[in-house]
Structures are given as structure tokens and as C-alpha cells.
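A structural walkthrough
Take a look at the letters that make up each chain.
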Amino acid sequence: MTDNKWLDRWNERYSNDEFAYGTQPNNYLKDQLQKLKTGFILFPAEGEGRNAVFAAQLGWEVYAFDISAEGKNKALHLAEINNVRIDYHVGELQTLNFRKEQFDAIALIYAHFPANLKSSIHKLLDTYLRKEGCIIFEAFSKKHLDFVLKDEKVGGPKDIESLFSIEEIKADFPDYDIIELSETEIELKEGLFHNGTGSVIRFLGKKK
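Residues numbered from 1 in each chain as written. Predicted model: local features only at pLDDT ≥ 70, side-chain atom pairs only at ≥ 80, totals over all residues. Heavy atoms only, no water.

1. Brief notes about the side chain of K207
Assignment of secondary structure puts K207 in strand 7 (residues 194-207). A polar side-chain atom of K207 sits 2.7 Å from the main-chain carbonyl oxygen of L129. When neighbours within four sequence positions are excluded, K207 is seen to be in contact with D126, T127, L129, R130, K131, E132, G133, D175 and Y176. (Helix = DSSP H or I, 4+ residues; strand = E, 2+ residues; numbered from the N terminus. Polar contact = N/O pair within 3.5 Å; in protein donor to acceptor, adjacent residues only side chain to side chain. Contact = heavy atoms within 4.5 Å.)

2. Observations concerning the sheet that holds strand 5 (residues 129-140)
Spatial ordering of the open sheet is given by 3-2-1-4-5-7-6, a layout of 7 strands whose pairing is mixed. The sheet terminates laterally at strand 3 (87-90) and strand 6 (176-190), the two strands that pair on one side only. Averaged over neighbouring strand pairs, the angle between their axes works out to 15 degrees when direction is ignored. Pairing analysis gives 4 bridges linking strand 1 (residues 40-43) to strand 2 (residues 61-66), with the strands arranged parallel. (Pairing = 2+ DSSP bridges. Axes fitted to C-alpha atoms, helices over the stretch in contact; angles between N-to-C directions.)

3. Topic: the nonpolar core
Soluble globular proteins tend to bury their nonpolar side chains together. Counting 34 residues, the largest nonpolar core has L33, I41, F43, V62 and I86 as its most contacted members. By residue number, the principal contributor to this core is helix 3 (residues 50-58), which donates 5 residues. In this view, L33 contacts I41, F54, A55, L58, W60 and I136; residues no more than four positions away in its chain are not counted. By size, the runner-up hydrophobic cluster in this structure holds 25 residues, among which are F103, I106, L181 and F203. (Core = buried A, V, L, I, M, F, W, Y, C linked by side-chain atoms within 4.5 Å. Buried < 20%, exposed > 50% of the residue type's maximum accessible area, 1.4 Å probe, protein only.)

4. With respect to the pairing of strand 1
A crossover links strand 1 with its parallel partner strand 2, the connecting element being helix 3, and its sense is right-handed. Pairing geometry for strand 1 and strand 4 (residues 103-109), over 2 bridges, is parallel. Looking at strand 4, one finds that I41 is bridged to A105. (Right-handed = clockwise from strand over helix to strand, strands pointing away.)

5. A closer look at the pairing of strand 4
The buried fraction of strand 4 amounts to 7 of the 7 residues, a majority that puts the element mostly inside the structure. Here strand 4 runs beside strand 5; their pairing, made up of 6 bridges, is parallel. Residue pairing in the sheet places I106 in a bridge with I135 of strand 5. Handedness of the crossover joining strand 4 and strand 5 through helix 5 (residues 118-127): right-handed.

6. Some details on helix 5
Helical periodicity: at 3.6 residues per turn, an α-helix aligns residues three or four positions apart in one direction. The set of residues buried in helix 5 consists of K118, I121, H122, L125 and D126. Looking straight down helix 5, one finds its buried side chains confined to an arc of 145 degrees; they lie on one side. (Arc of directions from axis to C-beta.)

7. Overview of the pattern of salt bridges
Scanning the model with the defined rule gives 9 salt bridges in all. Residue D126 pairs with K207 through a salt bridge whose shortest N-O separation is 3.8 Å. Taken together, the residues span a long stretch of sequence, with D126 in helix 5 and K207 in strand 7 at a distance of 81 residues. The pair formed by D126 and K207 is uniform in burial state, with each residue classed as buried. Between E168 and K142 there is a salt bridge whose closest N-O contact spans 3.3 Å. You can see E168 sitting in helix 7 (residues 166-172) and its partner K142 sitting in the loop between strand 5 and helix 6 (144-150), a full 26 residues away along the chain. Residue classification places E168 among the partly exposed positions, given a relative accessible area of 23%. Taking the relative accessible area as the measure of exposure, K142 reaches 25% and is therefore partly exposed. (Salt bridge = Lys/Arg side-chain N within 4 Å of Asp/Glu carboxyl O.)

Remember that the coordinates give geometry; whether it matters functionally is a separate question.
If you want it as C-alpha cells, here you go:
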């Protein structure tokens, strides 16, 4: 079950007129998505829709979900402005009835689920990806804790359990050809809440 404080936090963040993380796609997603043949793609924890809308502009059939209804409202508005369609659901993954092997790609971009759920969500998402489908992943690494404690403007969780390691990604997605799996420092400039130097895990994997 979703913690009410967790839900309230995201609804509050997405209720402002300004987009919390901007309207432009994440750079890593943008670079990787343009290399792939279009198909069906899922965006978990998609928030206000910047990445989903970009994928739709490229010609992908886009599905997204988040626990925040405020996020969905902003995402659908952004899609309308850009004359694209996204199929956006509100709720927890296990209640949304996606189908086994429904998707050609799944994009996990700063999808920081609660620490006690993140691994099980990854494993459930894996069942929705077809063979030879791709995972595109960027999120804060465990080393990022030092960065956010020095400068809150860079954003991200402040508990180490909610952050990621290379070992966790290998364990959650074991049956993949690893095209890229790295921990790296990057400069973020995404809307109001991702600004500054941070440490991220980047993963591009093809399902065996």
C-alpha cells in the first residue's frame, strides 16, 4: 500500500504550475531512445510526463504510470500541448494490469520507489518486457548521498536504501545483455529540483 505521506509529497510537488523537473526529456533517455526502433514503451513513476511526451514525439506507443493524480494531469496537459497521446495510469504497479511481455522498452528515469519496494517492482517490470526488449535506467547512486547532503538543489533521496548500486541492478535484472552499466558523476539541470552535480547509475540492457 502507498504511504499517504509519500503520496501527499508527490501530489504537492506536481500541483504547482511550473514543472518540477522541466518539460525537456532526460539527456540519457533522449540519447538512448533515439537509437531504438519504435514500439511499445512503459514509463514507471513518470510524474509530469516530460520523458513520455518525448517518446511519443518519436513515434512510440507510450504507456506511463505514477501514484500522483497531479502528475498525470500535468503530463496529459504537456501531451496536449505537443499534440501527442500517452496512455497514463494512476496507481501502484501491481494493480494496473499490464500484460506479460507487453512492452518493447521500459524507461526507469529517476524512478526512486520506496526502498522496501524497489527490487520487487523491478522484477515485476521485467515480466512486462518482451525478449530482446530494452531497459533504459538512470537514477541516483548510493554515492549521491554525499552530493545531496552538500547541496539539496541537486535533488534525490536522502536515505541510502532508496539509492542504487551496480550490484542491485545486476541482481534485479539478471537475464540481460549489458550494453552499459556504469556509475558516473553528471551535471543536472532539470527543472526546479534536479540542479547541480550528482552521482548516478546508468543502465542499458537487452533482455535475453
